[in-house]
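Chain by chain, the residues:
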Amino acid sequence: MHTVWKGSISFGLVNIPVRMFTATEERDIRFRQLHKECNTPIKYTKMCPHCQREVDTSEIIRGFEYEKGHFVMIDDEDLEAITPETRRAIEIIDFVDLSEIDPVYFHKSYFLSPQDTGEKAYALLRSAMEQTGKIGVAQVTMRNRQSLAVIRLYEHCIMLETIFYPDEVRPVSQVPALPEATVPLAENELKMATELISNMTIPFDPEKYTDEYRSDLQKLIEKKLEGQEIATAPTVARTNVIDLMQALKESLESTSGQAAVPIKIEPEPTPSKPARKRTTAASSSEKEQASKKETAAGQTKKTTTSTTKTMRKKKATPV
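All of the points below concern the structure found in this document. (Residues numbered from 1 in each chain as written. Predicted model: local features only at pLDDT ≥ 70, side-chain atom pairs only at ≥ 80, totals over all residues. Heavy atoms only, no water.)

## Digging into the overall build of the protein chain
Thought 1: Looking only at helices and strands, one finds 6 helices and 11 strands in the protein chain.
Thought 2: Counting across all 319 residues of the protein chain, residues that qualify as buried make up 18%. (Helix = DSSP H or I, 4+ residues; strand = E, 2+ residues; numbered from the N terminus. Buried < 20%, exposed > 50% of the residue type's maximum accessible area, 1.4 Å probe, protein only.)

If you want it as structure tokens, here you go:
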């Protein structure tokens, strides 16, 4: 693993030198954009629209746009002046219960390992947190940015999780069309829904879940490399369940001793308007036209059949 940060964990007067490693990685398959004519990767350049030329990195400075077209310039010295002194320390401020922090706050995960002189203090903090069941709330400065974080245990490793500040989490009141908390519910439907959840509840096993799209995409790429034809997978037949109660019943049946089958609840289709009855005269006229077309088609068919037989007789006649 590549070390992304070095510093120390401090709580009270205890100081533990640690190294930080990124705990997660994105496994998405990414594509390059190529020029269709020659398959060369497209290069993106930094252009100044005013000077009409490409600019070098040394010519670029920071600016905060406080209103359209107006900027406040910020340079490295400005940022250095406000960078906290504890830039190489993970300072634990409080200890709390993990259950008190909603998952919406969690952002990115990092593993922490002790540096050469910190093994004993590292093991001491790990054991103390394990016995108390608490996690630490801390502040840490990385890449000139102060972040809120929690220190917790993951298996036998101390982990740092950066979390969002409260003002970075949008209030639920901004979400449109949420049903009220007091929406009346049918008691039997609620009972069946809770029973369905009970039937589908199992111990969490992350190995059970895979990224099927990424796997299929990888197979497609491998087939392309081997020069094989790409077969299209058949589409799954849609399950059209209209009634909520029926959906719950079928879901309960499908989860009783076997794997759950997802059922899609769709709104009841709007009944179409009945066709207007046509007049008798119009109906008679249409029938006459249909009869003439059938007669003409029959005559054409006879003529075609007769012509075909004549051609066959000519071919069969010896020269």
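## Re the environment of Ile61
Thought 1: Position of Ile61 among the secondary structure elements: in the loop between strand S4 (53–54) and strand S5 (62–67).
Thought 2: For the pair Ile61 and Met73, spaced 12 residues apart in sequence, the C-alpha to C-alpha distance is 7.6 Å.

## Looking at the nonpolar core
Thought 1: Residues Ile9, Val18, Met20, Ile90, Leu112, Ile151 and Leu160 are the most contacted members of the largest nonpolar core, which totals 23 residues.
Thought 2: Of all elements in the fold, only strand S1 (3–11), strand S2 (14–22), strand S7 (89–97), strand S8 (106–114), helix H2 (119–132), strand S9 (134–142), strand S10 (145–154) and strand S11 (157–163) reach the threshold of two or more residues within this core.
Thought 3: Every residue in contact with Ile90, bar those within four places of it in the chain, is listed here: Trp5, Ser8, Ile9, Ser10, Val18, Met20, Leu112, Ala138, Gln139, Val140, Ile151 and Leu160.
Thought 4: Within the second largest apolar cluster, 7 residues are counted, among which are Val96, Ile101, Ile135 and Ile163. (Core = buried A, V, L, I, M, F, W, Y, C linked by side-chain atoms within 4.5 Å. Contact = heavy atoms within 4.5 Å.)

## Description of the sheet that holds S7
Thought 1: In space, the 7 strands of this closed barrel follow the order S1-S2-S8-S11-S10-S9-S7, with mixed pairing throughout. Strand-to-strand twist in this sheet, taken as the mean axis angle between neighbours without regard to direction, amounts to 40 degrees.
Thought 2: Looking at chain direction, S8 and S11 are connected through 6 bridges and run antiparallel. The residue bridging Tyr110 from the neighbouring strand is Leu160, located in S11.
Thought 3: On the sheet, H2 packs against S1, S2, S7, S8, S9, S10 and S11 and is oriented at approximately 70 degrees with respect to S10. (Pairing = 2+ DSSP bridges. Axes fitted to C-alpha atoms, helices over the stretch in contact; angles between N-to-C directions.)

## Section: a nonpolar patch on the surface
Thought 1: A grouping of Ile61, Phe71 and Met73 is seen on the molecular surface, where their side chains present a nonpolar patch of about 350 Å² in accessible area.
Thought 2: As for its placement among the helices and strands, Met73 is situated in strand S6 (residues 70–74). (Patch = residues over 30% accessible without salt bridge, like charges linked within 9 Å, V, L, I, M, F, W, Y side chains within 5 Å. Areas by Shrake-Rupley, 256 points an atom, 1.4 Å probe, with all protein chains shown as cover. Salt bridge = Lys/Arg side-chain N within 4 Å of Asp/Glu carboxyl O.)

## Topic: the packing of helix H3 (residues 187–200) against helix H5 (residues 244–254)
Thought 1: For the pair H3 and H5, interaxial distance at closest approach is 10 Å and the crossing angle is 30 degrees. One finds that H3 runs roughly parallel with respect to H5. As H3 packs across H5, the resulting crossing turns out to be left-handed. For the pair H3 and H5, the contacting residues are Asn188, Glu189, Met192, Ala193, Glu195, Leu196 and Asn199 in the first and Leu244, Met245, Leu248, Lys249, Ser251 and Leu252 in the second. (Parallel < 35°, antiparallel > 145°, perpendicular 65-115°, else oblique. Left-handed = near helix turned anticlockwise from the far one by under 90°.)

## Digging into the pattern of salt bridges
Thought 1: Under the criterion given, the structure shown has 7 salt bridges.
Thought 2: Glu168 is the partner of Arg145 in a salt bridge, and the nearest nitrogen-oxygen pair spans 3.3 Å. Remark: Glu168 occurs in the loop between S11 and H3 and Arg145 occurs in strand S10; sequence separation between them is 23 residues.
Thought 3: By relative accessible area, Arg145 is classed as partly exposed at 44%.
Thought 4: A residue is classified by how much of its surface remains accessible, and Glu168, at 38% relative accessible area, is partly exposed.

## Quick word on the pairing of S7
Thought 1: Pairing geometry for S1 and S7, over 3 bridges, is parallel. Within S7, the position partnered with Ser8 by the bridge is Ala89.
Thought 2: Of the pairings in the sheet, the one linking S7 to S9 comprises 6 bridges and is antiparallel in character. Along S9, the bridge assignment pairs Phe95 with Gly136.

Bear in mind that shape data such as this cannot, by itself, settle questions of function.
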